[in-house]
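One-letter residues, chain by chain:
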Amino acid sequence: DQEGLQKGGNRNKQHTSWFIFIHFISFKEKMGYRESRNNYFITNPYGHIGKYQFGKSALKFFGVSRSDFLNNPSLQENVFYTSLAHNKWKLQYEINTFAGKNFAGVYVTESGILAAAHLLGANSVKSFFKSKGKNVLADANGTTITNYMKSFQNFDLSCVKASKYDGSKING
């Protein structure tokens, strides 16, 4: 009957939403583990801090002080999401052009692109694609853009909405 179809449709939407939410949680927990073993209160030898190892320039961009960030796990989570949304906005061309294709030996996905942007910044990801994959940058630990693109390629991040960061205060 019509009512049963509608209920089933709602159930499928709820299931899909839950599935996407689980993908986002899995992505951020894997990122946190790779970056800091999920330690909110850590500083690495290069000065990057927190669960997601944000550097000085990223903190400045998002208008967050080191001490506030390091001592507030909720703020770290909100900055991480804001960073993903901003990078998704900044990398729309690369996501739309390359996701779903093999490029420079990597199967490219949106989540892989966003992970690589977290590692080295959106401009480094743009440089990688503009160089036709020849400019494979790495962080101070030797982790490359392609390493993160491969490691994080199987996550549905459609719940992260592309959004240019507008400079507004991020609360924790």
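Model, not experiment: these values are computed from the prediction.

A. Representation of the nonpolar core in the model. If you look at the biggest cluster of nonpolar residues, it comprises 41 residues, and the most contacted ones within it are F27, F129 and M149. Elements with a minimum of two residues in this core: α1 (2-36), α3 (66-70), α4 (73-90), α5 (92-98), α6 (110-120), α7 (122-130) and α8 (145-151). No other element matches the six residues that α6 contributes to this core. Not counting the four nearest positions on each side in its chain, F129 is found in contact with E94, F98, F103, V108, I113 and M149.

B. Quick peek at the packing of α4 against α6. The geometry of α4 relative to α6 is characterised by a closest axis approach of 10 Å and an angle of 115° between their N-to-C directions. One element, α4, and the other, α6, form an angle in the roughly perpendicular class. Relative to α6, α4 is oriented so that their crossing is right-handed. Contact residues: α4 offers F80, L84, N87 and K88, while α6 offers E110, L114, A117 and H118. Split by residue class, the contact of α4 with α6 holds four nonpolar, two polar and two charged.

C. A look at the packing of aromatic side chains. All told, the structure shown has 17 aromatic pairs when counted by the stated rule. Note on F62 and Y165: the rings are 5.0 Å apart at their centroids and 65° apart in plane angle, and the pair reads as edge-to-face. With F62 in the loop between α2 (56-61) and α3 and Y165 in the segment after α8, this pair connects stretches of sequence that are 103 residues apart. Classification of F62 as buried rests on a relative accessible area of 5%. Measuring from centroid to centroid gives 5.1 Å for F128 and F129, while their planes differ by 70°, and the two rings are edge-to-face.

D. Main features of the layout of surface pockets. Considering only enclosed or pocket space, the largest pocket measures out at about 850 Å³ in volume. In terms of lining residues, the largest pocket is bounded by 34 residues, among which H48, Q53, H118, L119 and L120 are the most central. Here the residues of the lining of the largest pocket sort into 14 nonpolar, 16 polar and four charged.

E. Region of interest: a nonpolar patch on the surface. On the surface, W18, F21 and I22 cluster together into a nonpolar patch covering about 320 Å² of accessible area. Note on placement: W18 falls in helix α1. Of the residues examined, W18 reaches a relative accessible area of 53% and is grouped as exposed.

F. Molecular detail of the pattern of salt bridges. Under the defined criterion, the tally for this structure stands at six salt bridges. Note that E29 is salt-bridged to K28, the shortest N-O span being 3.1 Å. Classification of K28 by relative accessible area gives buried; the value is 11%. In this structure, the salt-bridge partner of K126 is E94, at a minimum N-O distance of 3.2 Å. Of this pair, K126 sits in helix α7 while E94 sits in helix α5, and the two are 32 residues apart along the sequence.

G. Quick peek at the confidence of the model for the protein chain. Confidence in the prediction for the protein chain averages 91 pLDDT; 91% of positions are at 70 or higher. Residue range residues 1-9 is modelled with pLDDT below 50. Its contacts to residues more than four positions away, or to other chains, number zero contacts.

H. Region of the structure containing the side chain of N87. Looking at the element boundaries, N87 is found in helix α4. Looking at N87, the relative accessible area reads 9%, which means it is buried. N87 has contacts with L114, A117, H118 and A122, leaving out every residue within four places of it along the chain.

Reading the values: the criteria
Residues numbered from 1 in each chain as written. Predicted model: local features only at pLDDT ≥ 70, side-chain atom pairs only at ≥ 80, totals over all residues. Heavy atoms only, no water. Core = buried A, V, L, I, M, F, W, Y, C linked by side-chain atoms within 4.5 Å. Buried < 20%, exposed > 50% of the residue type's maximum accessible area, 1.4 Å probe, protein only. Helix = DSSP H or I, 4+ residues; strand = E, 2+ residues; numbered from the N terminus. Contact = heavy atoms within 4.5 Å. Axes fitted to C-alpha atoms, helices over the stretch in contact; angles between N-to-C directions. Parallel < 35°, antiparallel > 145°, perpendicular 65-115°, else oblique. Left-handed = near helix turned anticlockwise from the far one by under 90°. Nonpolar A, V, L, I, M, F, W, Y, C, P; charged D, E, K, R; others polar. Phe/Tyr/Trp six-rings, centres within 6.5 Å; stacked < 30°, edge-to-face > 60°. 1 Å grid on protein atoms, 1.4 Å probe; cavity = no way out; pocket = protein on both sides within 12 Å on 5 of 7 lines; lining within 4 Å. Points joined across faces, edges and corners; volume = space filled by probe spheres on them. Patch = residues over 30% accessible without salt bridge, like charges linked within 9 Å, V, L, I, M, F, W, Y side chains within 5 Å. Areas by Shrake-Rupley, 256 points an atom, 1.4 Å probe, with all protein chains shown as cover. Salt bridge = Lys/Arg side-chain N within 4 Å of Asp/Glu carboxyl O. pLDDT = per-residue confidence, 0-100.

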